[in-house]
Every structure is written in structure tokens, then in C-alpha cells.
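Survey of secondary and tertiary structure
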Amino acid sequence: MLSDSEAAELLSFLTPDTRPDVKGHTTGYILGMSGHRDGCRFLRSKSDLLVALFALTSDPSIAIVKDCYHIFINLSADETLHQVLLADVKVLPVLLKRVLDPEYLFSDQICTILSNLTRHVKTCKTVFQVLQEEVGLAQLVEVFCTEGYNKKANFNYLSPLLSNLTQLPEARNYIMDKDRCVIQRLLPFTQYQASAVRRGGVVGTLRNCCFDHAHHEWLLSDAVDILPFLLLPLAGPEELTEQENEGLPVDLQYLPEDKKREEDPDIRKMLLETLLLLTATGAGRNTLKEKNVYYIMREFHRWEKDVHVTAACEKLVEVLIGDEPEQGMENLLEVEIPEDVEVKLKEADIKEQQELEKEQERMRQEEKEEEEEKKKRDAEGEDKEQESGLIR
């Protein structure tokens, strides 16, 4: 790694007055360094370098600004640098104001940095506090939901940012404020085909919101009507009976033959986890049962190939077809689990995870063997064709 004198020399090249080619060479070199863990850890102790680099995000050269933003994307992916970026470099006020500029060229890079900085609760709290002081969550949601807000940016990474922020009760309270209609604006993005990042972030946001069981009745009511937006990505083209269809939410009835399911297994799993959270209360369980959710899950289970997603589906189905908990245990999120039982449950979870991984490995091996067998058959077919040609 660089010596202190070499770091000082690099710093001398990161001034507004330095020749553009020298600045560009320097930012390019630091960009390469930031792509490695050791380089990130070295830069963590050089806050003066980071301050100079952040200042260059205002440089006249687009190439230099691009380098600097990619450096900060790499640095923000390392949790050990978060405090330096927030406290020493003070990136937040500048980044938050820039992301609202409808003409700004690097808004998507800023969204990625903010998403990285909010992965862990400690720095997430700091980001949310500064966000509320500087621009407000309302403004970010407005940007996210306004198509064409900035012709140079897609703002897809605002989605995981919202998901990360809703780790915090205060952010969830804002998203679920009954007078703001924020969560209703996010719901359609569960089916946003242009970006899995946007879909996944919104589903993660909804899942986090569903941890607050006090809002379940409202979320399932006509005021929000969350259920169709969670079910539609999981529903396929299979034909259901007239009776099964009639009980479903209207948007789920008589789906077309070309209906496709969510293609990302991680998003499918999050959708199932969100539905499972909604069954934590008696009212939620009754709603999902009355809306014939089981029949969508039955067909989904037949279709799903990912073992982890299948396991999540089976947990939901168990609740949907199972007996109601005994009196005093109706709210599954508030049930106190004895310590010895909790230990056994954790052990069972670990065992289940190991079994799922074994099953996944077995399926991968079978696919590999099938692929090799297919290649072998194809090769034999080509040999026969060649032999046939020679005979002729």
C-alpha cells in the first residue's frame, strides 16, 4: 500500500487547478484501489483524500466526476467506511440535494451510495435523520414515483434505499401514515417489469412494513388493498374452478393464459414472507383464507423449483390450512417463546437450512449430469451424421 508521502503526493493532484489529464490519471488510480478491500481500508485512514475526491464531484470534467462517484460507490459498500463518509467527509447533505435536481447527471450513482450507506441500522438512523432535516422522505418518494423526473436517471436504487430505511420504526410510520397515501403509491411497482432492483426494493419495503402487526387490518382493507399486489407476481396461468376463482380478489380472477410469475426467486421468497407476516393476526389469517389465497399457493407450489422459495411457500400453506391457535396465542408476533423452545426452533431452522442446501446441491448435480448427457448425445449424433456422409 502507499506510504504517507505517496498519499500526500496523490492529494496534491486532487485540486481544482490541477491539469485535467493529471487529475483524471489520479482519480483512475484511486478508483482501482477502491475496488479492493485493502485499498478501501487504506483510504479509510485518509479522510483528507476522501474530502478532496468528494469535492471533485463538482469538477467540470464528466469523466473525473464519474470516477469519483464510482470510488464512493465502492467505499460505501464497505461498512467500516460508513462513519468516515458521514462524519468526516459529510457526504449526505450534498448528495441528498443533488438527487432532487431533475437535471443532475449522476443521480443514479447517488442512489446507489445512499442505498449502500443504509444497509446497517446504525448508519441508516443517521441517514434518515439527515434526510428528514435536509429534504424529507416525502420528496424522495415523489422522485421515485414520478416517471421521467430526470431524463438522465432511472432512480431504481431509490427502491432498496426505501427498503433499508424501513428497518426503522419511524420510517415505517411515515410510509404507513394514513393521511399521506405513500404505501399506496409504491404498490404498483411490485410488477415493474423494467427493473428487478425496483421490484425487489418495493417488496422489501412492504415486507418491513408488515412487521408492524397493528397496521395489518388497514393494509388488507380497501383503503390500501395490499393483497392483490403481493399475490399477482406469484400467480400463474393455471385454470382454477369457478368456485376457487370467485373467492379470489377481483384482480386475481380468470388470469390469461400468458400470465407469467415473478422471475427472481429472491423476490418471490420476499413476497411469500410478506404474506406470512400478514397471517400473524387472526384478522389477517381470516382475510387470506376468505380470499382463497391457498389456491394461488397450491398452483405456485407445483410450479416452483427453488427449494428455499418452496420452503417459504410451505410455511404459508401450513398456516392457511392449519387450525387456529389456542386462546391467548392468536397474535403470532407477540407470542412469548420459552428459552428452551427457542433454542430447539433455532436448531430446527439450521437443520432445515442444511437440508435445503443439500437438496439444492442435488438438483444442481442432476442438472449438470443432464446437460453432460445431452452434450454426449449431441456429439454422438454429429459423429453418426459424419459417418453417414462418408458412406455416401
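Use the structure listed above.
We now turn to the structure provided with this report. Remember, predicted model here, so these are calculated numbers, not experimental data. (Residues numbered from 1 in each chain as written. Predicted model: local features only at pLDDT ≥ 70, side-chain atom pairs only at ≥ 80, totals over all residues. Heavy atoms only, no water.)

1. Brief notes about the overall build of the chain
Across its full length, the chain holds 22 helices and 0 strands. Out of the 392 residues belonging to the chain, those deemed buried represent 44%. Contacts spanning at least 24 positions in sequence make up 72% of the contacts within the chain whose residues lie at least 6 apart. Here the chain displays about 21,300 Å² of accessible surface, and carbon together with sulfur accounts for 49% of that area. (Helix = DSSP H or I, 4+ residues; strand = E, 2+ residues; numbered from the N terminus. Buried < 20%, exposed > 50% of the residue type's maximum accessible area, 1.4 Å probe, protein only. Contact = heavy atoms within 4.5 Å. Areas by Shrake-Rupley, 256 points an atom, 1.4 Å probe, with all protein chains shown as cover.)

2. Here we look at the packing of helix α4 (residues 47–55) against helix α5 (residues 62–76)
Following both chains from N to C, one finds α4 and α5 inclined at 135°, their axes separated by 9 Å at the closest point. Between α4 and α5, the angle falls in the class oblique. Judged by the sense of rotation from one axis to the other, the crossing of α4 with α5 is left-handed. The segment α4 lies against α5, with L50, L53 and F54 engaging C68, I71, F72 and L75. Taken together, the residues of the contact of α4 with α5 sort by class into 7 nonpolar, no polar and no charged. (Axes fitted to C-alpha atoms, helices over the stretch in contact; angles between N-to-C directions. Parallel < 35°, antiparallel > 145°, perpendicular 65-115°, else oblique. Left-handed = near helix turned anticlockwise from the far one by under 90°. Nonpolar A, V, L, I, M, F, W, Y, C, P; charged D, E, K, R; others polar.)

3. Brief notes about the environment of F300
The topology assignment puts F300 in helix α20 (residues 293–303). Overall, F300 belongs to the buried group, its relative accessible area being 0%. The spatial distance from the C-alpha of F300 to the C-alpha of E238 is 9.3 Å, given a sequence separation of 62 residues. Those residues within four positions of F300 in sequence are excluded, and the remaining contacts are L234, R261, R268, L272, V309 and C313.

4. What to know about helix α21 (residues 307–321)
Along its 15 residues, α21 runs 21 Å from first to last C-alpha, staying within 8% of the 21 Å computed at 1.5 Å per residue. Among all positions of α21, only V307, H308, V309, T310, A311, A312, C313, L316, V317 and L320 are buried. For α21, the N-terminal cap is D306; the gap from its side-chain oxygen to the backbone nitrogen of H308 is 2.9 Å. (Expected span 1.5 Å × (residues − 1). Polar contact = N/O pair within 3.5 Å; in protein donor to acceptor, adjacent residues only side chain to side chain.)

5. Looking at the pattern of salt bridges
Taken as a whole, this structure holds 17 salt bridges when the rule is applied. Residue R302 pairs with E299 through a salt bridge whose shortest N-O separation is 2.9 Å. Taken together, the residues span about one helical turn, with R302 and E299 both in helix α20 at a distance of 3 residues. In this structure R302 comes out as exposed when scored by relative accessible area, which is 60%. Each of E244, R298, E299 and R302 takes part in salt bridges that share partners, so that together they form one network. (Salt bridge = Lys/Arg side-chain N within 4 Å of Asp/Glu carboxyl O.)

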